Amino acid sequence: MEQPKEEEDYGYNLFPERNSPKYKPMSFKESLFTYNHKCRIMLQFAMETSPYAKLLLSAMKSSGCQVFKDRHFSCEECDGTVSGGFDAVSSQIVLCQNNIRKQSHMTRVVTHELIHAFDHCRAHVDWFNELRHVACSEIRAANLSGDCSFRNEFDRFNFGLKQHHQECVKGRALRSILAVRKVSREKAEKIVDEVFGSCFNDHAPFGRIPHGKKDARFAHRDYDNRERYYANL
């Protein structure tokens with residue numbers, strides 16, 4: 001994969017610690033009783049208890065991309081407009097310790113970014129040169145992570161009946177693209193529309209749209225039992 005072009009920062013400006021050559025990760029002792037320490041604790045809880053995260057971690061391991069907490073996650077200070085991101089260069093998920101305060105938010109961000117990591121593993125996404133690839137992964141992440149669940153939309157005072165979930169997914173994918181790419185809104189909308197159908201209907205590895213924890217638990221159970229099912233055919 002080609003490296004990022006110099007004239008495009010690909011959203012790295014939103015993650016200042018990634019941009020600084022002098023940046024050095026905190027030691028455990030330095031992070032104790034800080035946002036960083038709280039971030040690490042919430043991450044651990046999400047990885048151990050969330051059916052969304054557990055399924056994605058299992059799927060990545062099965063695909064030959066096992067995830068290790070200390071290697072593939074990093075709690076960092078970020079711009080106030082973002083909660084997390086996937087760094088394709090280092091294959092790391094960035095969690096914005098200054099912007100994630102609740103466990104439910106952490107779980108949703110971890111799930112969203114793990115979907116990008118899963119796509120990076122299985123689909124060989126060209127994050128730097130092919131905007132359609134980026135749009136597809138953003139659509140999948142918004143669709144499958146719970147970002148557009150009824151509860152989250154209710155909390156945002158966003159209501160709708162006809163195809164509200166689809167419109168939410170489109171809107172969140174569009175905002176994500178505009179945050180990390182120097183493209184016009186019109187171009188971003190056109191690309192999202194072009195790939196929406198196929199990417200919205202790609203539910204891997206869940207096999208369905210998990211609209212809540214119950215759906216995610218069933219999806220995780222089915223994923224774990226898939227080999228047992230095929231062995232009996």
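Anything mentioned here points back to the structure above.
Asks: So what exactly am I meant to see when it comes to the side chain of E17 here?
Replies: Within the secondary structure, E17 is located in helix α1 (residues 16-19). Among buried charged residues, E17 stands out as having no salt bridge; its nearest opposite-charge side chain is R18, 7.0 Å away. Of note is the side chain of E17, whose polar atom sits 3.2 Å from the backbone nitrogen of E77.

Asks: What is the right way to read the pairing of strand β1 (residues 73-76) from this model?
Replies: Every other side chain in a regular strand lies on the same face of the sheet, so the side chains alternate between the two faces. Neither face of β1 is left uncovered, since the one carrying F73 and C75 and the one carrying S74 and E76 both have all their residues buried. Note: β1 against strand β3 (residues 92-96), four bridges, orientation parallel. What sits directly across from C75, in β3, is L95.

Asks: Is there a simple way to think about the side chain of N98 in this case?
Replies: Relative to the elements of secondary structure, N98 occurs in the loop between β3 and α6 (103-123). Overall, N98 belongs to the buried group, its relative accessible area being 15%. Within the structure, the side chain of N98 is placed 3.5 Å from the side chain of N99, a separation counted as a polar contact. Beyond its immediate stretch of four places on either side in the chain, N98 contacts Y35, E76, E77 and C78.

Rules behind the numbers
Sequence positions are assigned chain by chain, starting from 1 and proceeding in written order. The predicted nature of this model means local features are confined to residues of pLDDT at least 70 and side-chain atom pairs, given and counted, to a pLDDT of 80 or more, with totals for whole chains, interfaces and linings taken over all residues. Hydrogens are left out, water is left out, and the side-chain values use all remaining heavy atoms of the structure. Here a strand is any run of E in DSSP of at least two residues, a helix any run of H or I of at least four, and the numbering for each starts at the N terminus. Think of it in three bands: with a 1.4 Å probe and only protein chains considered, a residue is buried below 20% of the maximum accessible area for its type, exposed above 50%, and partly exposed in between. Only four residue types enter the tally: Lys and Arg on the positive side, Asp and Glu on the negative side; His and the chain ends are excluded. We define a salt bridge as a side-chain nitrogen of Lys or Arg found within 4 Å of a carboxyl oxygen belonging to Asp or Glu. Side-chain atoms alone can form a polar contact between residues adjacent in sequence; in general such a contact is a pair of N or O atoms within 3.5 Å, and within protein one must be able to donate a hydrogen while the other accepts it. Here, strands pair whenever DSSP counts at least two bridges between them. Only heavy atoms enter the contact rule, under which two residues are in contact if any of them lie within 4.5 Å.

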